[in-house]
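Fold and contact review
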Amino acid sequence: MNVESPVRVEDKLYHNRYLVDIGHPHVKVRAHTTPSPQLLALLKACPARCYELNDNGQVEITVDGCIECGTCRVIAEPTGDIEWSHPRGGYGVQFKFG
Ligand code: SF4
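A brief look at the structure comes next. (Residues numbered from 1 in each chain as written. Predicted model: local features only at pLDDT ≥ 70, side-chain atom pairs only at ≥ 80, totals over all residues. Heavy atoms only, no water.)

Attention now moves to the overall build of the chain. Check the secondary structure of the chain and you find three helices and six strands. Its C-alpha atoms give the chain principal-axis dimensions of about 50 × 35 × 25 Å. When each of the 98 residues of the chain is scored for burial, the buried share is 28%. At a minimum sequence separation of 6, the contacts of the chain that also span at least 24 residues come to 66%. A total accessible area of about 7000 Å² is found for the chain, and carbon and sulfur atoms account for 53% of it. For the chain, the centre of its 10 positive side-chain charges and the centre of its 12 negative side-chain charges are spaced 4 Å apart. (Helix = DSSP H or I, 4+ residues; strand = E, 2+ residues; numbered from the N terminus. Buried < 20%, exposed > 50% of the residue type's maximum accessible area, 1.4 Å probe, protein only. Contact = heavy atoms within 4.5 Å. Areas by Shrake-Rupley, 256 points an atom, 1.4 Å probe, with all protein chains shown as cover. Lys, Arg positive; Asp, Glu negative; His and termini not counted. Charge placed at Lys NZ, Arg CZ, Asp CG, Glu CD.)

Spelled out as structure tokens, the structure:
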């Protein structure tokens, strides 16, 4: 019986490289005092864990590790909770293994 070790998402993401476009985040969270259900969902839905709660209980994003999967776009852009666009040319994730 061939038993393979499980592959973790974090291990796969480690191989990617990112060119950060400093000062030009391609995803922005709408200013809020209390996060909407959509924003709270992003804390668990983003595979790269770009979304976090800050000390005030608001959802923040750090786009440096974004793999541009579009999950947050589907969840929170229609409600206006985030603004999503592709990074400027040459910036963003650079996949090493497809
Ligand atoms: S596009 Fe994907 S990886 Fe990037 S912030 Fe949204 S959910 Fe996370």
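The local shell around the ligand consists of C46, P47, C50, Y51, C66, I67, E68, C69, G70, T71, C72 and W84. Residues belonging to the shell around the ligand are distributed by class as follows: nine nonpolar, two polar and one charged. (Near = heavy atom within 4 Å. Nonpolar A, V, L, I, M, F, W, Y, C, P; charged D, E, K, R; others polar.)

What follows is about the environment of P78. By the element assignment, P78 lies in the loop between α3 (71-76) and β5 (82-84). In this structure the C-alpha to C-alpha distance between P78 and G92, which are 14 residues apart in sequence, comes to 23 Å.

On to the nonpolar core, then. Counting 13 residues, the largest nonpolar core has V27, L42, Y51, C72 and I82 as its most contacted members. Residue contacts for V27: discarding those within four places in its chain leaves Y51, I61, V63, I82, E83 and W84. (Core = buried A, V, L, I, M, F, W, Y, C linked by side-chain atoms within 4.5 Å.)

Let us look at the environment of G70. By secondary structure assignment, the location of G70 is in the loop between β4 (59-61) and α3. Accessibility expressed as a relative area gives 15% for G70, which makes it buried. Counting along the chain gives 14 residues from G70 to W84, while the straight-line C-alpha distance between them is 8.5 Å.

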